[in-house]
Amino acid sequence: MTAAGTRARVRAELTREIVDVARRHLASDGAAALSLRAVARELGMASSAVYRYFPSRDELLTALIVDAYDALGADAEEAERLVPRADLRARFRSVCTATREWARVHPHEYALIYGSPVPGYAAPESTIGPAARVGEALSRVIADGIEAGTVDPAADATGADSAVEPGLVERLGLSTEEPNPSIAARALLAWTTLFGLISFELFGHTNNVVIDHERYFDDAVERLATMVGLPQEEVRPAATP
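Bear in mind the structure is a predicted one, so any value in this text is a computation, not a measurement.

Peer 1: Sorry if this is basic, but what is going on with the pattern of salt bridges here?
Peer 2: Proximity of charged atoms lets side chains of opposite charge pair with each other. Applying the stated criterion across every chain yields a total of 18 salt bridges. Among the ionic pairs, Glu109 bridges to Arg23, the shortest N-O distance being 3.6 Å. Separated by 86 residues along the polypeptide, Glu109 in helix 6 (residues 107-114) and Arg23 in helix 1 (residues 3-29) bring together distant segments of the chain. Looking at Arg23, the relative accessible area reads 22%, which means it is partly exposed. One network of salt bridges, in which partners are shared, links Arg16, Asp20, Arg23, Asp67 and Glu109.

Rendered as structure tokens:
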């Protein structure tokens, strides 16, 4: 390995160490209290050295946010990939379930990306793509249903897609020639409702209201799948002996 290659590897390893320590501080102190100086102290580095990797707290926060969105997106996409392509409802369900499971396993990272905004921090454009991965996974399932002719993009003929940014409709693959479509608006509603369900559960807003969160969540996901127009699964008769 060349000297330049060695330096690049060392830099990548140290960058990862800084992010890992910052993630632990996120869990113990919260995003608003994240401090480059505190991270440097734990690593035994001068704060000036850490600033060479992350010139500001906001850049370190952005790295944590992008990592969290990408980890969540990767889990959701992998779960969906393992389901047979023709089983649209199961694919939709798998994305939702994997999203909830990731949030329950990584509550502090979930709170970073879907909890209270960090005072003084404005997320840059580099977070937009990673943030959209779950929504795009859900929309791919719906788009496949449209292509297969099993999802009607204008089932309710409300024309609600006119309220959605046209560029977003195109990006999600939900653009259609049907008159008065609402499929993009319904997909967006499913996406935002999914995270509302998870956030209410994770942040305790359904305590003393819901007694079986898993059953409630599964039922809600089925309702969302119906709302976006995914066909019901066929009930196959039991085989005769």
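Anyway, onward from the coordinates.
Peer 1: Just checking my understanding: could you explain the side chain of Glu136 for this structure?
Peer 2: On the secondary structure map, Glu136 appears in helix 8 (residues 133-148). In this structure, Glu136 is in contact with Arg171 and Leu172, ignoring residues within four places of it in sequence.

Peer 1: Looking at this structure, how should I read the packing of helix 4 (residues 57-81) against helix 8?
Peer 2: Between helix 4 and helix 8, whose axes approach to 8 Å, the crossing angle comes to 20°. Viewed along their axes, helix 4 and helix 8 adopt a mutual orientation that is roughly parallel. Here Asp70, Leu72, Gly73, Ala74, Ala76, Glu77 and Glu80 of helix 4 come into contact with helix 8, specifically with Arg133, Val134, Ala137, Arg140 and Val141. Classifying every residue of the contact of helix 4 with helix 8 by side-chain character gives six nonpolar, one polar and five charged.

Peer 1: How do you make sense of helix 2 (residues 36-43) when you look at a structure like this?
Peer 2: Because an α-helix completes one turn every 3.6 residues, residues spaced three or four positions apart along the sequence face the same direction. The set of residues buried in helix 2 consists of Leu36, Ala38, Val39 and Ala40. The distance from a side-chain oxygen at the start of helix 2 to the backbone nitrogen of Arg37 is 3.2 Å, and the residue carrying that oxygen is Ser35. Just downstream of helix 2, Gly44 is the residue with a positive phi angle, here 70°.

Peer 1: Can you help me understand the UniProt feature "domain: HTH tetR-type" (unreviewed entry) in the protein chain in this one?
Peer 2: Look at the UniProt record and you will see "domain: HTH tetR-type" (unreviewed entry) annotated at residues 12-72. Within the segment residues 12-72, helix and strand shares are 77% and 0% respectively, and the terminal C-alpha atoms sit 22 Å apart.

Peer 1: What's the story with the packing of aromatic side chains in this structure? I'm lost.
Peer 2: Aromatic rings in a pair are described by how distant their centres are and how their planes are angled relative to each other. In this structure the tally under the stated criterion is five aromatic pairs. Consider the rings of Tyr69 and Tyr114, whose centres lie 5.9 Å apart with planes at 85°: the pair is edge-to-face. Within this pair, whereas Tyr69 is found in helix 4, its partner Tyr114 is found in helix 6, the two being separated by 45 residues in sequence. Ring centres of Tyr114 and Phe195 lie 4.2 Å apart, and the angle between their planes is 20°; on these two criteria the pair is classed as stacked. Here Tyr114, found in helix 6, pairs with Phe195, found in helix 10 (residues 183-202); they are 81 residues apart in sequence, far enough to count as distant. Judged by its relative accessible area of 22%, Tyr114 is partly exposed. On the accessibility criterion, Phe195 (7% relative accessible area) is buried.

Peer 1: Whenever I open this one, unusual backbone geometry confuses me. Can you help?
Peer 2: Among all residues except glycine, the phi angle is most often negative; among peptide bonds, the trans geometry is most common. One non-glycine residue, Ala157, lies in the positive phi region at around 55°. As for its placement among the helices and strands, Ala157 is situated in the loop between helix 8 and helix 9 (166-171). With phi around 65°, Asn208 is a residue other than glycine that occupies positive phi space. By secondary structure assignment, the location of Asn208 is in the loop between helix 10 and helix 11 (213-227). Classification of Asn208 as exposed rests on a relative accessible area of 84%.

Peer 1: Whenever I open this one, the side chain of Glu109 confuses me. Can you help?
Peer 2: A relative accessible area of 15% places Glu109 in the buried class. The residues touching Glu109, leaving out its near neighbours within four places in the chain, are Arg23, Leu26, Ala68 and Trp102.

Peer 1: Please clarify how helix 11 should be interpreted in this entry.
Peer 2: Here helix 11 contains 15 residues, and its C-alpha end-to-end distance of 21 Å stays within 8% of the 21 Å for a straight helix at 1.5 Å per residue. Every buried residue belonging to helix 11 is among His213, Phe217, Ala220, Val221, Leu224 and Ala225, and all of these are buried. Burial along helix 11 is one-sided: seen end-on, the buried residues are contained in an arc of 140°. Relative to its buried face, helix 11 has exposed residues pointing more than 90 degrees away, namely Arg215 and Arg223. In this structure, the buried side of helix 11 is in contact with helix 5 (88-105) and helix 10. Positive backbone phi, at 100°, marks Gly229, one or two positions downstream of helix 11.

What counts and how
Residues numbered from 1 in each chain as written. Predicted model: local features only at pLDDT ≥ 70, side-chain atom pairs only at ≥ 80, totals over all residues. Heavy atoms only, no water. Salt bridge = Lys/Arg side-chain N within 4 Å of Asp/Glu carboxyl O. Helix = DSSP H or I, 4+ residues; strand = E, 2+ residues; numbered from the N terminus. Buried < 20%, exposed > 50% of the residue type's maximum accessible area, 1.4 Å probe, protein only. Contact = heavy atoms within 4.5 Å. Axes fitted to C-alpha atoms, helices over the stretch in contact; angles between N-to-C directions. Parallel < 35°, antiparallel > 145°, perpendicular 65-115°, else oblique. Nonpolar A, V, L, I, M, F, W, Y, C, P; charged D, E, K, R; others polar. Polar contact = N/O pair within 3.5 Å; in protein donor to acceptor, adjacent residues only side chain to side chain. UniProt positions renumbered as here; feature names shortened; annotations may be inferred. Phe/Tyr/Trp six-rings, centres within 6.5 Å; stacked < 30°, edge-to-face > 60°. Expected span 1.5 Å × (residues − 1). Arc of directions from axis to C-beta.

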